[in-house]
Each structure stands twice: as C-alpha cells, then as structure tokens.
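Descriptive analysis of the structure
One-letter residues, chain by chain:
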Amino acid sequence: MKLLTGLVFCSLVLGVSSRGWFSFLGEAYDGARDMWRAYSDMREANYSDKYFHARGNYDAAQRGPGGAWAAEVISLFSAELR
C-alpha cells in the first residue's frame, strides 16, 4: 500500500510539473467524472464489461494529462480492490 501511495504521489508531482496546478486539477476532476459516468452506465445496464472501463479511460484521457492521471489512479485502485 505504501508503494502504491508513493507511485500515485510521484505521478501527481510529475504530471503537475509540466502544467499549472489549477488546470491539472480541473482536468483530473473532469476525468474522474468521466470515469464515474462510465461506471454509472455500467450499473444501469446491469452488465459488467471491459467496454465501460475502456470508455471511461478514453474519455478521461481526452481531458489532458490530469484526466489521464485520474484514469490511471482510479484504475489502479479499482484493480487493487478486486
């Protein structure tokens, strides 16, 4: 768990260093919202498929580096919970 926390923190610092904090955090928030929308659609369809996960990742990554970071972190945590 400490390793995962360290990796998340390092990726956050590296991602933010290339852009401003506010734009990065805004992209991360929007990316997390895209992931949540895909998860909600999956629950509504009552069907678990990799399509919804891939769609959420794609939509989040289109937001920019912040969105890609949010998608990666959410994917790591969801994989760890299984």
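Residues numbered from 1 in each chain as written. Predicted model: local features only at pLDDT ≥ 70, side-chain atom pairs only at ≥ 80, totals over all residues. Heavy atoms only, no water.

What counts is decided by this rule: UniProt positions are given in the numbering used here, feature names are shortened, and annotations may be inferred rather than shown by experiment.
The name given to the chain in an unreviewed UniProt entry is Serum amyloid A protein, with Theropithecus gelada as the source organism. In its Sequence similarities (unreviewed entry) section, the UniProt record describing the chain reads: "Belongs to the SAA family." In UniProt, the chain has this text filed under Function (unreviewed entry): "Major acute phase reactant. Apolipoprotein of the HDL complex."

A word on the packing of aromatic side chains
Filter applied, for reference: Only the six-membered ring of Trp is used, alongside the rings of Phe and Tyr, when aromatic pairs are assigned; centres must lie within 6.5 Å, and planes under 30 degrees apart are stacked while those over 60 apart are edge-to-face, with the rest tilted. In this description a helix means any DSSP run of H or I spanning at least four residues, a strand means any run of E spanning at least two, and both kinds are numbered starting from the N terminus. Working definition: with a 1.4 Å probe on protein chains only, accessible area under 20% of the residue-type maximum means buried, over 50% means exposed, and in between means partly exposed.
Overall, the coordinates contain two aromatic pairs when judged by the stated rule. Look at Trp 36 and Tyr 39: their rings are 5.4 Å apart centre to centre, the planes differ by 40°, and that puts the pair in the tilted class. You can see Trp 36 and its partner Tyr 39 sitting in helix α2 (residues 21-45), three residues apart, about one turn around the helix. Given a relative accessible area of 56%, Trp 36 falls into the exposed group. For the pair Tyr 51 and Phe 52, a centre-to-centre distance of 5.2 Å together with 70° between the ring planes defines the contact as edge-to-face.

Description of the pattern of salt bridges
This is how the line gets drawn: By definition, a salt bridge exists where a carboxyl oxygen of Asp or Glu is found within 4 Å of a side-chain nitrogen of Lys or Arg.
Under the criterion given, the structure shown has four salt bridges. The salt bridge involving Arg 33 is made with Asp 30; its shortest N-O contact spans 3.4 Å. In this pair, Arg 33 and Asp 30 are both assigned in helix α2, three residues apart and thus about one turn of the helix distant. We classify Arg 33 as partly exposed; its relative accessible area is 39%. Judged by its relative accessible area of 22%, Asp 30 is partly exposed. With a shortest N-O distance of 2.6 Å, Arg 55 and Asp 41 are connected by a salt bridge. Residue Arg 55 is found in helix α3 (residues 50-61), and its partner Asp 41 is found in helix α2; the two are separated by 14 residues along the sequence. Residue class for Arg 55 comes out partly exposed when judged on its relative accessible area of 21%. The partly exposed category is assigned to Asp 41, whose relative accessible area is 28%.

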